[in-house]
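Below, each chain spelled out in residue letters.
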Amino acid sequence: MKHNLPELNFNYNDLEPYIDAKTMEIHHTKHHQGYITKYVNALEGSDLLEKDVEDVLRNLEDVPEDIVQAIVNNGGGYYNHRLFWTILTPKKTRMSDDLSKAIDRDFGSFDQFKDAFSNAAKTQFGSGWAWLVVTDDKRLKVVSTPNQNAPFEFGSPILALDVWEHAYYLNYQNKRPEYVENFWNVVHWEQVSKYYKELL
Ligand code: MN
């Protein structure tokens, strides 16, 4: 199968002032493309190239031992960014009633969920990601992962936030908490709700 850089559903400057155009362009065309290229190179000649990267990451026991770390890193970077772009939008969107109810059920309230997620993003030491995942028993859970590790050990992700410095440094410098707070202005709740529905 083809492993192409996915197109964004918005222009690089559409998320301003929350995420600036230059950051978006470099993040997409250089960082994301870089992970995809290295992933394909690591799997050169392997049948695993016929599978979607998500399948490969969910079945790491099928990956030759000498390239597992390269796949965790670059396959993770490939998958994580592909998901991340889809949950961002300049449009004002609303989450579904089902997701809203599940958030209340599992976190107490939307504000408590938001605090838990923001906190995971702000306190992830070094580079990594914050996630909202749906667990095997269909509960919502906030987790964080280091580096480019995908969150499949915890569940299936429906919301992601990249907290690598390359995601915010040009605009926010060292102020990761400000970037995290502004992230909430560009979340594509309709898409997150769709991912949630698909997992029920
Ligand atoms: Mn990134």
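Residues numbered from 1 in each chain as written. Predicted model: local features only at pLDDT ≥ 70, side-chain atom pairs only at ≥ 80, totals over all residues. Heavy atoms only, no water.

### Side note on the overall build of the protein chain
Within the protein chain, the regular secondary structure consists of 8 helices and 3 strands. Listing every helix and strand of the protein chain by position from the N terminus yields α-α-α-α-α-β-β-β-α-α-α. Relative to the globule expectation of 16 Å for 200 residues, the C-alpha radius of gyration of the protein chain, 17 Å, shows essentially globular dimensions. In terms of its C-alpha atoms, the protein chain occupies a principal-axis envelope of roughly 50 × 40 × 30 Å. Here the protein chain holds 200 residues, and 46% of them are scored as buried. (Helix = DSSP H or I, 4+ residues; strand = E, 2+ residues; numbered from the N terminus. Rg over C-alpha atoms; globule rule 2.2 N^0.38 Å. Buried < 20%, exposed > 50% of the residue type's maximum accessible area, 1.4 Å probe, protein only.)

### Quick word on the packing of helix α1 (residues 21-42) against helix α3 (residues 68-86)
The relative placement of two packed helices is expressed as an angle between their axes plus a distance between the axes. The contact between α1 and α3 brings their axes to 8 Å, and the two run at 140°. Here α1 is positioned oblique relative to α3, judged by the angle of their axes. Judged by the sense of rotation from one axis to the other, the crossing of α1 with α3 is left-handed. Residue-level contacts link Met24, His27, His28, His32, Tyr35, Ile36, Lys38, Tyr39 and Ala42 of α1 to Ala70, Ile71, Asn73, Asn74, Gly75, Gly77, Tyr78, His81, Arg82, Phe84 and Trp85 of α3. Each residue belonging to the contact of α1 with α3 can be placed in one class, and the counts come to 10 nonpolar, 8 polar and 2 charged. (Axes fitted to C-alpha atoms, helices over the stretch in contact; angles between N-to-C directions. Parallel < 35°, antiparallel > 145°, perpendicular 65-115°, else oblique. Left-handed = near helix turned anticlockwise from the far one by under 90°. Contact = heavy atoms within 4.5 Å. Nonpolar A, V, L, I, M, F, W, Y, C, P; charged D, E, K, R; others polar.)

### So, the domain arrangement of the protein chain
Taken as a whole, the protein chain is organised into domain 1 (21-86) and domain 2 (97-199). Once you take the C-alpha centre of each, domain 1 and domain 2 turn out to be 20 Å apart. On the domain 2 side, the residues contacting the 19 residues of domain 1 number 21 residues. Here domain 1 packs against domain 2, burying approximately 1,600 Å² in sum over the two surfaces, 63% of which is carbon and sulfur. For the pair domain 1 and domain 2, the interface holds 8 residue pairs in polar contact (both at pLDDT 80 or more). Within the residue set of the side of domain 1 that touches domain 2, elements represented by two or more residues are α1, α2 (53-58) and α3. Taken together, the residues of the side of domain 1 that touches domain 2 sort by class into 7 nonpolar, 9 polar and 3 charged. (Domains from an automatic or database assignment. Buried area = accessible area lost by both parts, 1.4 Å probe. Polar contact = N/O pair within 3.5 Å; in protein donor to acceptor, adjacent residues only side chain to side chain.)

### Some points on the coordination of the manganese ion
Taken together, His27 (NE2), His81 (NE2), Asp162 (OD) and His166 (NE2) make up the full set of protein donors to the manganese ion, lying 1.9 to 2.1 Å away. Donor residues for the manganese ion, ordered by position in the chain, follow H-x53-H-x80-D-x3-H. Remark: histidine 81 occurs in helix α3 and histidine 27 occurs in helix α1; sequence separation between them is 54 residues. (Donors = N, O, S within 2.8 Å, 3.2 Å for Na, K, Ca; no water.)

### Notes on helix α5 (residues 110-123)
Here α5 spans 20 Å end to end across 14 residues, near enough to the 20 Å set by a 1.5 Å rise per residue. Summarising the contacts, the buried residues of α5 are in contact with α4 (97-107), β1 (128-134), β2 (140-146), β3 (156-162), α7 (176-183) and α8 (189-199). (Expected span 1.5 Å × (residues − 1).)

### Focus: the sheet that holds β2
Strand order in this open sheet of 3 strands is β2-β1-β3, and the pairing throughout is antiparallel. Taken across any chain shown, the strands that pair with only one partner, and hence form the sheet edges, are β2 and β3. Strand-to-strand, the axes of this sheet are offset by a mean angle of 25°, without reference to chain direction. Strand direction decides the pairing type here: β1 and β3, joined by 6 bridges, are antiparallel. By the bridge assignment, leucine 132 is partnered in β3 with leucine 159. Sitting on the sheet, α8 touches β1, β2 and β3, and the angle it makes with β3 is about 150°. (Pairing = 2+ DSSP bridges.)

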